[in-house]
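Observations on chain architecture
What follows is the residue order along each chain.
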Amino acid sequence: MRQLIAALRKEMLLQWRTRAQILAIFVFGATSLLLFSFAVGPNSTALRLHAAGFLWLALLLSSTLALAESFQLETEQKGLEGLLLLPASARAMYYAKAIANAFQLSILGIALVPVMVVLYDVSIENLFGVFGVIVLGAAGLSAPGTIYSAMASQARAKQTLLPLLLFPLVVPVLLASVKATSLLIAGDPMGQLKSWVTLVTSFDLIYWSLCGLVFGRVVED
Amino acid sequence: MRGVSRRYGRRWALIDVSFTVPHGKVVMVAGRNGSGKSTLLRVLSTAIRPDLGTAKIEGFDLKHERDDVRRKVAILGHASYTYDELSAIENLQLMARLVGVDSSREAMLHLLNQVGLAERAEDSINTFSAGMRKRISLARVLLQKATVVMLDEPYGQLDPPGFRFIDGMVRHLRDEGVTLLMATHQLERASALCDLGIVLDRGRLTWEGAAKDLPSEGGLEPAGTPEGGP
């Protein structure tokens with residue numbers, strides 16, 4: 001726990017020091033939302049209908065940049081290798097980075113909500129519910145995303161490899177998050193929200209348990 | 001270590017290397033560029049695994065008791081093992097918290113003072129020169145209080161006062177009973193500090209003995225690509 005807290009402190013400090021990068025990733029996400037509205041055209045009904053899907057696609061695309069960046073800092077001066085040689089627990093290092101990434105993606109997702117509201121003319125009935133689903137979905141993206149960005153950071157084609165590895169794995173989380181967000185925006189007359197939230201939460205638990213176990217093997221020679 | 005070999009892809013960087021270092025001795029590791037010095041130290045510090053052979057440090061197996069070995073060993077490598085966006089003191093505090101030693105500001109300033117960086121304690125590492133990065137790496141080594149220390153080209157990127165600083169640090173660690181392995185091209189300088197020496201050539205151990213008896217130029221022939229395997 002001592003190592004987890006120390007590593008988490010480091011992650012948050014690094015995120016704060018590189019906040020300009022996070023702002024750039026937010027602009028990328030907002031631009032993606034704008035481009036989706038161009039693709040659909042001036043059909044406000046269609047835009048409102050697909051708003052949740054577009055929000056999550058923007059967050060997914062932005063997440064690949066944020067996740068890749070989080071390991072770029074580790075490889076510059078072999079920071080992570082240095083910590084593991086101290087020795088620090090690989091599991092503590094993983095959970096610190098995954099928590100920091102989940103926090104960053106949650107902030108990013110929440111910041112994209114007003115952009116979505118303005119661009120797609122959406123009215124949200126349960127704003128805090130949407131924020132809650134974003135936090136759950138961000139956790140589902142960050143757990144496997146952190147481990148795959150660690151793998152991709154050691155490869156030559158890291159920019160291509162991360163989305164190739166990540167996207168297929170997060171389809172269930174993405175699907176459930178889109179459905180839950182959509183129900184929170186458009187209303188939930190059939191009471192389906194709970195089952196979709198349960199699905200996201202279940203995948204979060206699976207990813208966070210398994211990825212913590214295998215991270216050591218990924219980062220050790 | 002017994003019969004240790006390590007390869008990168010198809011190229012063998014270490015071939016069947018065997019030697020023993022008595023506790024508390026200072027050992028110079030000599031050899032041309034690409035002879036396997038850094039690979040040897042990285043294997044011994046558990047940064048990389050050997051492909052063949054076995055090695056033990058203070059009774060702990062390098063392959064199977066890595067965490068125990070890591071508690072005993074510290075390495076000054078080519079990379080500084082720091083975070084550029086953090087200040088010198090923040091980097092050291094992070095390491096101290098992970099190791100579980102005193103991470104107070106006073107303790108870190110004392111450490112930085114030892115390596116001559118107390119005035120730059122609050123500056124980010126990305127404003128440091130290569131020599132200063134080397135010094136912060138040394139502070140990291142001192143913080144670990146390891147009983148076995150690997151120094152990979154410790155004189156590299158340092159100015160003449162830096163050379164004297166490394167000499168003093170080696171003597172200080174030796175006096176405290178720390179076992180040191182020092183890979184360097186500064187053969188004359190290191191001979192005065194080291195008890196024993198080994199020479200690597202194209203991944204193979206070609207000479208070992210007392211450091212003062214090291215052949216001139218380390219008995220080295222022109223460099224070439226390692227051939228064959230273990």
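Structure: see above.
First, a word on scope: everything that follows refers to the structure included in this document. Keep in mind it's a predicted model, so treat the numbers as computed, not measured.

Here the focus is the overall build of chain B. Assigned secondary structure in chain B consists of seven helices and eleven strands. For chain B, whose C-alpha radius of gyration is 18 Å, the value lies close to the compact-globule estimate of 17 Å for 230 residues. By its C-alpha atoms, chain B is 50 × 40 × 30 Å across when sized along the principal axes. In chain B, buried positions account for 53% of the 230 residues. Carbon and sulfur atoms provide 45% of the accessible area of chain B, an area that totals close to 9,900 Å².

Let's shift gears to the sheet that holds strand β4 (residues 52–54) of chain B. Residues and elements named next belong to chain B. Taken together, the three strands give an open sheet; going across it, the order is β2-β1-β4, and neighbouring strands pair in antiparallel fashion. Edge positions in the open sheet fall to β2 (11–17) and β4, since each of these has one partner strand only. Shown here is a sheet whose adjacent strand axes are inclined to one another by a mean of 20 degrees, direction ignored. In this fold helix α1 (residues 37–44) packs onto β1 (2–8) and β2, with an angle of close to 65 degrees to the strand it touches most, β2.

The subject of this paragraph is the pairing of strand β11 (residues 204–210) of chain B. Residue and element names in this part refer to chain B. Inspection of the sheet shows strand β10 (residues 196–201) paired to β11 by six bridges, in the antiparallel sense. When the sheet's bridge partners are listed, Leu-200 is paired in β11 with Leu-205. Hairpin connection, β10 to β11: the antiparallel pair is bridged by two residues, and Arg-202 has positive phi, about 50 degrees.

Most peptide bonds take the trans form, and the phi angle of most residues other than glycine is negative. A cis geometry characterises the amide bond from A:Leu86 onward to A:Pro87, with omega recorded as 10 degrees. Among the secondary structure elements, A:Pro87 is positioned in the loop between α5 (79–84) and α6 (90–120). With phi around 50 degrees, B:Lys145 is a residue other than glycine that occupies positive phi space. Note on placement: B:Lys145 falls in the loop between α5 (130–144) and β8 (148–152).

Per the stated rule, a full pass over the model turns up nine aromatic pairs over all chains. Ring geometry for A:Phe54 versus A:Tyr120: centroids 5.7 Å apart, planes at 65 degrees, classification edge-to-face. Taken as a pair, A:Phe54 in helix α4 (residues 51–76) and A:Tyr120 in helix α6 lie far apart in primary sequence, 66 residues in all. Both residues of the pair, A:Phe54 and A:Tyr120, count as buried. Each residue in the set A:Phe71, A:Tyr94, A:Tyr95, A:Trp208 and A:Phe215 is aromatic and connected to the rest through ring pairs, giving one cluster. Its guanidinium or amino end placed over the ring of A:Trp16, A:Arg19 lies 4.0 Å from that ring's centre, counting from NZ or CZ. The cationic tip of B:Arg135 hangs over the ring face of B:Phe165; the distance from NZ or CZ to the ring centre is 4.9 Å.

Thresholds applied
- Residues numbered from 1 in each chain as written.
- Chains lettered and ligands numbered in written order.
- Predicted model: local features only at pLDDT ≥ 70, side-chain atom pairs only at ≥ 80, totals over all residues.
- Heavy atoms only, no water.
- Helix = DSSP H or I, 4+ residues; strand = E, 2+ residues; numbered from the N terminus.
- Rg over C-alpha atoms; globule rule 2.2 N^0.38 Å.
- Buried < 20%, exposed > 50% of the residue type's maximum accessible area, 1.4 Å probe, protein only.
- Areas by Shrake-Rupley, 256 points an atom, 1.4 Å probe, with all protein chains shown as cover.
- Pairing = 2+ DSSP bridges.
- Axes fitted to C-alpha atoms, helices over the stretch in contact; angles between N-to-C directions.
- Contact = heavy atoms within 4.5 Å.
- Phe/Tyr/Trp six-rings, centres within 6.5 Å; stacked < 30°, edge-to-face > 60°.
- Lys NZ or Arg CZ within 6 Å of the ring centre and 35° of its normal.

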